[in-house]
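Fold and contact review
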Amino acid sequence: PMPKLIVIARLLLSPLLLILSACGMNGTTYSNRIGDNGHDSLYSKARVEDGVARFHCLQSDSGTCHYTLYPAACAGKADCALAPLQHFTVARGEARQIAGLHDFRVCVAIDQRTLRADCEPVAVAKAP
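We now turn to the structure provided with this report. Being a predicted model, the structure only gives us computed values, none of them experimental. (Residues numbered from 1 in each chain as written. Predicted model: local features only at pLDDT ≥ 70, side-chain atom pairs only at ≥ 80, totals over all residues. Heavy atoms only, no water.)

Regarding the state of the cysteines
By the definition in use, this model includes three disulfides. Bridging Cys-74 to Cys-80, the disulfide has an S-S length of 1.9 Å. Between Cys-74 and Cys-80 the sulfur-sulfur dihedral comes to about -50°; the bridge is accordingly left-handed. Of the residues examined, Cys-74 reaches a relative accessible area of 0% and is grouped as buried. There is a disulfide in this structure between Cys-107 and Cys-119, and the S-S distance comes to 2.0 Å. Negative torsions about the S-S bond denote left-handed disulfides, and the value of about -80° found for Cys-107 with Cys-119 makes this one left-handed. (Disulfide = S-S within 2.5 Å. Buried < 20%, exposed > 50% of the residue type's maximum accessible area, 1.4 Å probe, protein only.)

Observations regarding the environment of Cys-57
As for its position among the elements, Cys-57 is in strand 3 (residues 52-60). Classification of Cys-57 as buried rests on a relative accessible area of 0%. Taking the C-alpha atoms as reference, Cys-57 lies 9.7 Å from Asn-32; in sequence the two are 25 residues apart. If we ignore the near neighbours within four places in the chain, the residues touching Cys-57 are Tyr-43, Thr-64, Cys-65, Tyr-67, Val-90, Ala-91, Arg-92, Gly-93 and Glu-94. (Helix = DSSP H or I, 4+ residues; strand = E, 2+ residues; numbered from the N terminus. Contact = heavy atoms within 4.5 Å.)

Considerations on unusual backbone geometry
Non-glycine residue Asp-50 carries a positive phi angle of around 50°. Along the chain, the position of Asp-50 falls in the loop between strand 2 (39-49) and strand 3. The backbone of Cys-119 shows a phi angle near 70°, a positive value even though the residue is not glycine. Assignment of secondary structure puts Cys-119 in the segment after strand 7 (104-109). Judged by its relative accessible area of 22%, Cys-119 falls in the partly exposed class.

Next up, the structure:
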C-alpha cells in the first residue's frame, strides 16, 4: 500500500509544483536597510521581474527614498566611469514601477546626496 500512496502523492503534487514554478520564481529582489538600535531610518525593497522593476520606499526618516540606478557592470566599483541609468525619488509608503530595466545596481539614500556606483556618497571637496 505504501508505494501506491507515493504514486498518488506524486500525481497530486506534480501539477502544484508546475504551477508554483510558473509564479514569478525568475525575478530578483533587492533590499536596502539602514538602521540603528532597532530603528530603520531607511528601508527599501525593489523587485524586478520580466523586465519590470518596482521600487517600494517602506521607511525613510526624511519621508522619501532617493534612488540611483547604475549598470550592473559598476557593482561595487567606486570609480566606475559609466553614468547612472536613472535618478528618482519615491515617497515613504509609495512605490514606482519602471519597465525595460535589466542588469542594474540599486543605490538608495535618505537624502539627495549623489551616490557613487558602490552606493557610497560622493565626497564633497572642502574649501581650504
